[in-house]
Amino acid sequence: MGVEGIGARVTRKEDKRFLTGKGRYTDDMTVPGMKYAYFIRSPHAHAKIVNIDVSAAKSMPGVIDVLDGKELQADGIGNLICGWMIHSKDGSPMKMGAWRPLAIDTVRYVGDAVAIVVADTSGEARDAAEAVVIDYDVLPAVADVTAAMRAGAPQLHPEAPGNLIFDWQIGDPDAADRAIASAAHVTEIDIVNNRLSPNPMEPRATLGIYDSAEDHYTCYTTSQNPHVARLVMSAFYNVAPENKLRVIAPDVGGGFGSKIYIYPEEIVCLWASKKTNVPVKWTSDRTEAFLTDAHGRDHISKVRMAFDADHRITALKVDTIANLGAYMSLFSSAVPTYLYATLLSGQYAIPTIHANVRTVYTNTVPVDAYRGAGRPEATYLLERTIETAARELGLSPAELRRKNFIRSFPYQTPVIMNYDAGNYEASLDAAMQAADWNGFSARRANSEARGKKRGIGMSCYIEACGIAPSAAVGSLGAGVGLWESAEVRVNAVGTIEVLTGSHSHGQGHETTFAQLVAGRLGVPIESINIVHGDTDKVQMGMGTYGSRSGAVGMSAIVKALDKVEAKAKKIAAHLMEASEEDIVIENGELKVAGTDKAVPWFQVALASYTAHNLPSGMEPGLKETAFYDPSNFTFPAGCYIAEVEVDPETGETDIIQFVAADDFGNIINPLIVEGQVHGGLAQGIGQALLEAVHYDENGQLLTASFMDYAMPRADDLPSFKLSHQNTPCPSNPLGIKGCGEAGAIGSPPALINAITDAIGNNRLTMPATSMKVWQAIHAAH
Amino acid sequence: MTRTIHLSLDINGKQHELDVEPRVTLLDALRESLALTGTKKGCDQGQCGACTCHVDGKRVLSCLTLAAQVEGRQITTIEGIAAEGGDLHPVQAAFIENDAFQCGYCTPGQIMSAVACIREGHAGSEEEIREYMSGNLCRCGAYNSIVAAVREAAEMAATGVAAKDKAEVA
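Here is what the cut-offs are and how they apply
- Residues numbered from 1 in each chain as written.
- Chains lettered and ligands numbered in written order.
- Predicted model: local features only at pLDDT ≥ 70, side-chain atom pairs only at ≥ 80, totals over all residues.
- Heavy atoms only, no water.
- Salt bridge = Lys/Arg side-chain N within 4 Å of Asp/Glu carboxyl O.
- Helix = DSSP H or I, 4+ residues; strand = E, 2+ residues; numbered from the N terminus.
- Buried < 20%, exposed > 50% of the residue type's maximum accessible area, 1.4 Å probe, protein only.
- Contact = heavy atoms within 4.5 Å.
- Buried area = accessible area lost by both parts, 1.4 Å probe.
- Expected span 1.5 Å × (residues − 1).
- Polar contact = N/O pair within 3.5 Å; in protein donor to acceptor, adjacent residues only side chain to side chain.
- 1 Å grid on protein atoms, 1.4 Å probe; cavity = no way out; pocket = protein on both sides within 12 Å on 5 of 7 lines; lining within 4 Å.
- Points joined across faces, edges and corners; volume = space filled by probe spheres on them.
- Nonpolar A, V, L, I, M, F, W, Y, C, P; charged D, E, K, R; others polar.
- Pairing = 2+ DSSP bridges.

Draft legend 1. Region of interest: the pattern of salt bridges. Residue and element names in this part refer to chain A. Here the structure, examined in full by the defined rule, presents 61 salt bridges over all chains. A salt bridge links Glu387 to Arg401, with the nearest nitrogen and oxygen atoms 2.9 Å apart. Residue Glu387 is found in helix α10 (residues 375-393), and its partner Arg401 is found in helix α11 (residues 397-404); the two are separated by 14 residues along the sequence. Each member of the pair, Glu387 together with Arg401, is buried. Between Arg402 and Glu399 there is a salt bridge; the shortest N-O distance is 3.1 Å. Of this pair, Arg402 and Glu399 both sit in helix α11, three residues apart, which is roughly one turn of the helix. Looking at Arg402, the relative accessible area reads 15%, which means it is buried. Taking relative accessible area as the criterion, Glu399 reaches 40% and is therefore assigned partly exposed. By sharing partners, the salt bridges in this structure join Asp436, Arg443, Arg450, Arg454, Glu643 and Glu645 into a single network.

Rendered as structure tokens:
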């Protein structure tokens, strides 16, 4: 391990451009002749489109054109799709209603796109949009998932009677019922997981460029996975064949899941560029982002957890309803099923688990993966339930968890997942020590003396990262494989380009991926460039989400590096007239082990390209590609402890301390891992205390600005005490598990457990605002 | 064509001439007319701080400032705070050292706010920094590192002043 290799605390290579205002995000792009788009959106949650009159708008100043859904359909542009097939327990396929990029007959949520204006300036496009006259016949709407399931509720799609998309199950229902019937104790609880808006600081944006000379399209877009965007736009939306479509995701200002999906705007801007013969740029405004970016979470569940007389969990039975909004977004069906119910065993040996999940249409924006995607919902449910059980049984929450921990690996859960490595007790012990768990009662007494209520709560989470073995997810309904690719390209002077199908939008890949190469070859980190985000440069890739870039993306780089090193060793052996097996690579040189014979790295690279003196039959060049398909998910886990003080007069919660003890497997760069944990914690604390999307009964979004939707700010968060108890992941070459979601997954239940402990009332839903906490205090007494 | 007005703006010590509609904000003028895209649009509603610039040394939200309002005043953007030779401003350097950002989108606004926060004398404690930086959202959640970076830069600035004072006394 060199100073810049794996494990080193290297400051980021990409930082300087971000610090000096020289980052290049999609909205920063300008091309000659570029015009601005504005989307006209439905103001109604549910309505028939009777007529669209664009004549006045077309003659407004600066307007190039105004286009609607009928023209889009006439040009053969297809519907948006959900790429993961789920079958209901009766064997029927999920009911996917038609989602037109521009609505034609019916709009189904406030923000549903209806038409596009293209004009010289963004202001002129907005002005012209005001002049488009759309006659709507307003229909009854339903935004609440329970209401949407009632008889007589407004129906969104003819394909989905009762608004039911699928009714899916996992596990053995009868075995779970039997275990519950014979249990010594059963804990029952209703769990609500609040709906969230991802809100990356960079709003979505796209620039569509049609080149009539080549009949070729270029799409700049704010994407976490540009190759998937190209594939889907080509194969399903009929925008252009893949070889005629280049997708570039330049610097992307955060994604958190919301930039995985292909939205209507990319498709429509590409098509509009061809129709108008000008490059067309669209940038979402913030209210548009609230209205149209896929939301996250929004589950309601009924839970029963059964225990034997020795307090071992004998069964878990879960009935969940998930709101998927007005249409099925790209991966929406996978989130409340295979990314959720498969994690319901948590860190515990539970012999029987059954989960039933119904997904439902409502007149709200589509719901899809948001940081953690299903795993936060599973962890919140499980950790609130076991905490509640501990209180009911009069046991220490730590000891009840400890008693039920899985202790030997590999461990096959009853819900598909096979945990490969972990040490849950190590994280629990570390967290309790860091939190001074034993000193809590004295601190509580001190708070009480000051008229405050103090509480402590923990959460032991597990998640599945490194998505995913392609054949396994294929058998479960995924429409794509989830491998990753890499190309390691050594230039003739020895500098190196690594082309990766992963995409960095804040994760620091330009540094961590370079650390891997620098450590392996002993070359300076400055001599390595990481290339990503452009389908014309990088071979096929699957992108970045679910903490897959380290576990899967870097594993592909390892494979390509193995091949490059093997060839370099052959060349070096030939140059030094040594045996290939004796060559070692160290400090930028290829050496004959045990001798002072060596050739510098750059000389081997040069020799490969001059090809004057290569081993007989060897092809010139030093460049290798690899695809890595993981053999399992990875399973980061940990224990989080929150300690809070609540002011009973106001209901205000103060986080006194927050401890995170994580097992992420091997760590590439501690600095970046800490940043990822901080970020996840900020979003998890946001969910627990501040954030909630609210629609009114007519489907109007009430939280469509940062004044109405409370995002965590600098003064809302405490400092964090972090530690690691790492067990290397056995399934990938670097032993990496992933760290991107952990904070968002583990923190909400720890906080709600702490607050409910403080106030002595277990009935509290997220976000635990001062008002709700105050009401809960008064309801309890 | 829509009616435009002519403006002459002093940005980062250079004079820029532009013709824009009267309604154009400083933020849009910088980004769309002057190709100074370092200043970011996060909400366009004055609620996130990503567009923070300095006018006459004080922080302003450029999305809530009309370009026409700032004629004749000194505007500083993220492109104008590093030294001419390219040396980073101490706040920028502290952001690297403390890993005070991830995706980088809110960062120009954070840095402009941080420079002003220190200049205003509001960087005396962690609590004070949190409060006076609370107008700048960071969804990546790098707040603790941002606070550490501001603290470090503020301490450096204070030490620098102290050293200068000592020299003057001597």
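Now that the structure is up, let's keep going.
Draft legend 2. Representation of the interface of chain A and chain B in the model. Opposite the 58 residues of chain A that make contact, chain B presents 48 residues. Between chain A and chain B, a total of about 4300 Å² is buried, with carbon and sulfur atoms accounting for 53% of that surface. Across the chain A-chain B interface, the total number found is six salt bridges. Between Asp28(A) and Lys40(B) there is a salt bridge, with its nearest N and O atoms 2.5 Å apart.

Draft legend 3. Representation of helix α18 (residues 670-690) of chain A in the model. Between its first and last C-alpha atoms α18(A) spans 29 Å; for 21 residues at 1.5 Å apiece the expected length is 30 Å, and the two agree. At the N-terminal end of α18(A), a side-chain oxygen is found 2.9 Å from the backbone nitrogen of Leu671(A), two or three residues along, and the residue is Asn669(A).

Draft legend 4. Representation of the layout of surface pockets. In this structure, the largest pocket encloses a volume near 970 Å³. Along its surface, the largest pocket is lined by 40 residues, and Thr121(A), Ser122(A), Gly123(A), Asp28(B) and Glu32(B) are the ones closest to its centre. Elements supplying a minimum of two residues to the lining of the largest pocket: β1 (35-41), α4 (122-130) and β12 (280-283) of chain A together with β2 (14-20) and α1 (26-33) of chain B. Residues that form the lining of the largest pocket fall into these classes: 13 nonpolar, 11 polar and 16 charged.

Draft legend 5. Here's a closer look at empty space enclosed by the protein. All names here are of chain A. Counted under the stated rule, the structure contains six cavities of 30 Å³ or more. Considering only enclosed or pocket space, the second largest cavity measures out at about 80 Å³ in volume. As for the second largest cavity, its lining consists of 16 residues, and the residues nearest its centre are Thr221, Thr222, Tyr261, Tyr263 and Glu266. Of the residues assigned to the lining of the second largest cavity, the class counts are seven nonpolar, five polar and four charged.

Draft legend 6. Broad picture of the pairing of strand β26 (residues 637-646) of chain A. Residue and element names in this part refer to chain A. With 10 of 10 residues buried, β26 lies mostly within the body of the structure. Of the two faces of β26, the one carrying Ala637, Cys639, Ile641, Glu643 and Glu645 and the one carrying Gly638, Tyr640, Ala642, Val644 and Val646 are both buried. With 10 bridges connecting them, strand β18 (residues 453-462) and β26 associate as antiparallel partners. In the sheet register, Met458 faces β26, and the bridge partner there is Ile641. Bridging between β26 and strand β27 (residues 653-663) involves 10 bridges; their strand directions are antiparallel. Within β27, the residue paired with Ile641 across the bridge is Val659.

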